[in-house]
Structures are given as structure tokens and as C-alpha cells.
Amino acid sequence: MSICTKKFLLNSGFYMPAVGLGTWQGHVGSKAVTEMRDTIIYALQKGYRHIDTAAVYGVEEIVGEAIRMSGVPRSEIFLVTKLHSTHHAHVEEAFLESMKKLNCEYIDLYLMHWPQSLTLDGKPTKTPTPPETWLSMEALKLKYPDQVRSLGVSNFSEKTMEELLKVATIVPATNQVEVHPMLPQHDLVKYMNEKGILTTCYSPLGQYVPAILQNPHVLDLADKYNVTAAQIVLAWEVSRDLVVIPKSTNLERIMQNITYPELAPEDITFLNDFYKAPGMHRRLCQINGGTPTGHDIVIGWTYEELGWEPYTVE
Ligand SMILES: NC(=O)c1ccc[n+]([C@@H]2O[C@H](COP(=O)([O-])OP(=O)(O)OC[C@H]3O[C@@H](n4cnc5c(N)ncnc54)[C@H](OP(=O)(O)O)[C@@H]3O)[C@@H](O)[C@H]2O)c1
């Protein structure tokens, strides 16, 4: 098995590598964050060409340093960062701050991290609305065409995307959402594909939950292909023509996460239907909360406002 070099053509005309390295390491200042620079350098030197970060992860400086220290030309790396919800009314300021921290000439893809706006001190606010924020991002792209190559969003549903598309003159290149076998997002992916918007899977390993990665059938598939359960799950996501951004700070796992077998159609079907087992269809990413009642609040919005399905508890 060789390293996955699959790329997707975005509606902006640029190519995006199918596999990226996630950089959400949890608490800023933790050991994982201080070790991250070395793991990013390692990943780039071993063939990763896509790094996913965000202003709110607090690691943009480390990401920028790692890119420069890796020896891999910037032109070969696809760098993604995200506008934090506290800065929807301050898009240009936030972008320039990210550029300064990353200390790079351009960003390949700038995402609205969430549709929700927060005030600068982190309180939910109704304005700007997601379409208004998108128009500010379009204005940014007009003003800095060489510094921001593509624009996209994250955590958008069909409902919030419909609102955005009513005003957009630039169609988002990607939508980054939670996807794993317990939340395959088949309908959302189909909708985004119809609009020409590529889906990126965050928490593609479900933040490593045993319900997926120690499932006996998934482990049987790992045996069949002589790989790990994580590789089976990522291979399935990439086989669906989705981008994956697994996070690992472990060198061996970083290599596993970019090396996949080609799955047989019946194994892809099994993973496509994995969520249908009783109690399995749900969100796992910690920030997305969740209880069987579906009355969750995520960054000030209900699931209904987000356009997210509530938990399905069979
Ligand atoms: N847009 C958004 O709102 C949003 C939200 C969440 C995440 N993200 C992005 O998506 C990235 C990935 O998501 P995530 O970090 O939530 O979850 P994830 O990638 O699904 O899972 C990460 C966890 O799995 C472990 N792991 C990774 N590879 C493994 C392997 N091969 N075998 C066993 N364990 C493995 C990691 O531990 P080790 O490090 O010890 O290997 C870590 O505990 C983030 O880092 C971030 O860049 C975006």
C-alpha cells in the first residue's frame, strides 16, 4: 500500500488533497500542543500535503513554523484555516491575524468555522447572520485575491446552506462537517455534491470511539486487509470521494492515517449502513454535545436552528 495522493478539483479551480492532518489538539498549552510542531513536520516529510487548522485552535503559529521547518515547498501544501465565530463582524481583521500567525504568503482555503455569530467576548448574537458573514468573506476574497485562494464553510446543513446560497456570488468550495460510520451524512453529502461543494469529514474516526473501531465486524475487515480499524474507516470515507482530516500526534498512527487499502464494494456497503444498527446513528464530536432528546445547544444554537437532525435512538 502506498500513500494516498488522491486530490479533488474544487469549484474554485484549485486541487485539494483527499487526506489532511487535523490540528485540533484540545487544551492550548497541553503537552499535545507543544509536541504538535514535530508531528506536523514528520507528517509533511512523510507525504502529507494538507494541514487543517483554525484560529480558535490556538496553534496557527506552530502550524506555520512546522510548514517552514519541514523543507516541503509551501506551493506543495494545502493549508486550511477558519474564521472563529467571535469575528463574523471582523472578517478582515481575523484573516490578517491568521496570516500573521501562520506567517505565510497565502491560505489555500478559508472557512467560516460555524454559522453562528458570537460577540468578541463570546456571547451568542443574532448578527451578522451566516449569509452576511459570507458576503464579508466574499469581500475579503475580492480585496486579497492572492492571499485567499478558496472560500468555504464548516458545520453547515442543507438549511443553513440554502440561506447562504440565496446571497452568494461565490459558491463555497467545501463544507467541513462531522462524518464517520455512526454519522455518514449520506443526504447532506448528496446535496452538497449537487451544488458542486466538496465535503470534508471532521472527526473522521469519531474521535476514536470503541463503538466503531472495536466493532467486531470492523476488526474483521482490518484483519482481512491486514490494516488497522482506523485505516478501514478512513479508506471508506475516501472511497466516497470525501476529504478526511484525522488528527494524530503518534508517528505510527500518522502514517496509518494516510495509507489505505482499496475496499471491496460489499465492505463499502457495510460501512455505508453501519449507522442503521440500533442506537448507532449519532454525533460523537465532543463540542456537538447531544442527548437522546435532541434539545442540544451548540454555540448558542439549537440543532433545529443549525438544521441538524436530532439523535436517532432506535
Ligand atoms: N470544523 C470543525 O468544527 C471541527 C470540529 C472537530 C474537528 N475538526 C478538525 O478535524 C480534525 C480531526 O477530528 P478530531 O480530532 O475531532 O477526531 P479524529 O481525527 O476522529 O480522532 C482523533 C483521535 O483518534 C486518535 N487516533 C488518530 N489516528 C488513530 C489511529 N490510526 N489509531 C488509533 N487512534 C487514532 C487520536 O489519538 P492520537 O493523537 O494519540 O493518535 C485522537 O485521540 C481536528 O483535529 C480538526 O482539525 C474540525
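The name that an unreviewed UniProt entry assigns to the chain is NADP-dependent oxidoreductase domain-containing protein, with the source organism given as Lipomyces starkeyi NRRL Y-11557. Checking UniProt for the chain, the heading Sequence similarities (unreviewed entry) contains the comment "Belongs to the aldo/keto reductase family."

Participant: Break down the overall build of the chain for me, citing the residues and quoting the values.
Facilitator: When helices and strands are counted, the chain shows twelve helices and 14 strands. In terms of C-alpha radius of gyration, the chain reaches 19 Å, essentially the compact-globule figure of 20 Å for 314 residues. The dimensions of the chain, computed from C-alpha atoms along their principal axes, are 50 × 50 × 35 Å. Expressed as a percentage of its 314 residues, the buried residues of the chain come to 54%. By sequence separation, contacts in the chain at least 24 residues apart represent 72% of the contacts at least 6 residues apart. Here the chain displays about 13,800 Å² of accessible surface, and carbon together with sulfur accounts for 54% of that area.

Participant: Would you mind going over the side chain of Thr81 in detail, with residue names and values included?
Facilitator: Inspection of the secondary structure assignment puts Thr81 in strand β5 (residues 78-83). A relative accessible area of 0% means that Thr81 is categorised as buried. Reaching out from Thr81, the side chain makes a polar contact with the side chain of Glu60 at a distance of 2.6 Å. Once you skip the residues sitting within four places of it in the chain, Thr81 turns out to touch Thr53, Ala54, Ala55, Glu60, Ser98, Leu102, Ile107, Leu109, Tyr110 and Leu111.

Participant: So what about the packing of helix α8 (residues 216-225) against helix α11 (residues 265-272)? Which residues, and what values?
Facilitator: Close contact between α8 and α11 brings their axes to 12 Å; oriented N to C, the two are set at 155°. Between α8 and α11, the interaxial angle falls into the category roughly antiparallel. Once α8 is placed against α11, the crossing between them reads as left-handed. Residue-level inspection shows His217, Val218, Leu221, Lys224 and Tyr225 of α8 in contact with α11, the latter providing Glu266, Asp267, Phe270 and Leu271. Here the contact of α8 with α11 is composed, by residue class, of five nonpolar, one polar and three charged.

Participant: Before we move on, could you go through the environment of Val148 and cite the residues and values that matter?
Facilitator: Positionally, Val148 belongs in strand β9 (residues 148-154). The class for Val148 is buried, based on a relative accessible area of 0%. Residue contacts for Val148: discarding those within four places in its chain leaves Phe95, Ile107, Tyr110, Leu140 and Lys141.

Participant: Before we move on, could you go through the nonpolar core and cite the residues and values that matter?
Facilitator: Counting residues in each nonpolar core, the largest one holds 88 residues, and the members touching the most others are Tyr110 and Ile232. At eight residues, helix α9 (residues 229-239) tops the list of elements feeding residues into this core. Every residue in contact with Tyr110, bar those within four places of it in the chain, is listed here: Thr81, Lys82, Leu83, Val91, Ala94, Phe95, Met137, Leu140, Val148, Ser150, Leu151 and Gly152. Judged by nonpolar contacts, the second largest core, of nine residues, contains Tyr202, Cys285, Trp301 and Trp308.

Participant: Any chance you could break down the sheet that holds strand β4 (residues 50-52) for me, citing the residues and the numbers?
Facilitator: Pairing is parallel across the open sheet formed by eight strands, whose spatial order is β3-β4-β5-β6-β9-β10-β11-β12. The open sheet terminates on both sides in strands that have one partner only, identified here as β3 (21-22) and β12 (243-244). Of the strands in this sheet, β5, β6 (107-112) and β9 are in contact with helix α3 (residues 91-102), which crosses β6 at around 140°. Together, β5, β6 and β9 form the strand contacts of helix α4 (residues 130-143), whose direction differs from that of β9 by roughly 170°.

The rules behind these values
- Residues numbered from 1 in each chain as written.
- Predicted model: local features only at pLDDT ≥ 70, side-chain atom pairs only at ≥ 80, totals over all residues.
- Heavy atoms only, no water.
- UniProt positions renumbered as here; feature names shortened; annotations may be inferred.
- Helix = DSSP H or I, 4+ residues; strand = E, 2+ residues; numbered from the N terminus.
- Rg over C-alpha atoms; globule rule 2.2 N^0.38 Å.
- Buried < 20%, exposed > 50% of the residue type's maximum accessible area, 1.4 Å probe, protein only.
- Contact = heavy atoms within 4.5 Å.
- Areas by Shrake-Rupley, 256 points an atom, 1.4 Å probe, with all protein chains shown as cover.
- Polar contact = N/O pair within 3.5 Å; in protein donor to acceptor, adjacent residues only side chain to side chain.
- Axes fitted to C-alpha atoms, helices over the stretch in contact; angles between N-to-C directions.
- Parallel < 35°, antiparallel > 145°, perpendicular 65-115°, else oblique.
- Left-handed = near helix turned anticlockwise from the far one by under 90°.
- Nonpolar A, V, L, I, M, F, W, Y, C, P; charged D, E, K, R; others polar.
- Core = buried A, V, L, I, M, F, W, Y, C linked by side-chain atoms within 4.5 Å.
- Pairing = 2+ DSSP bridges.

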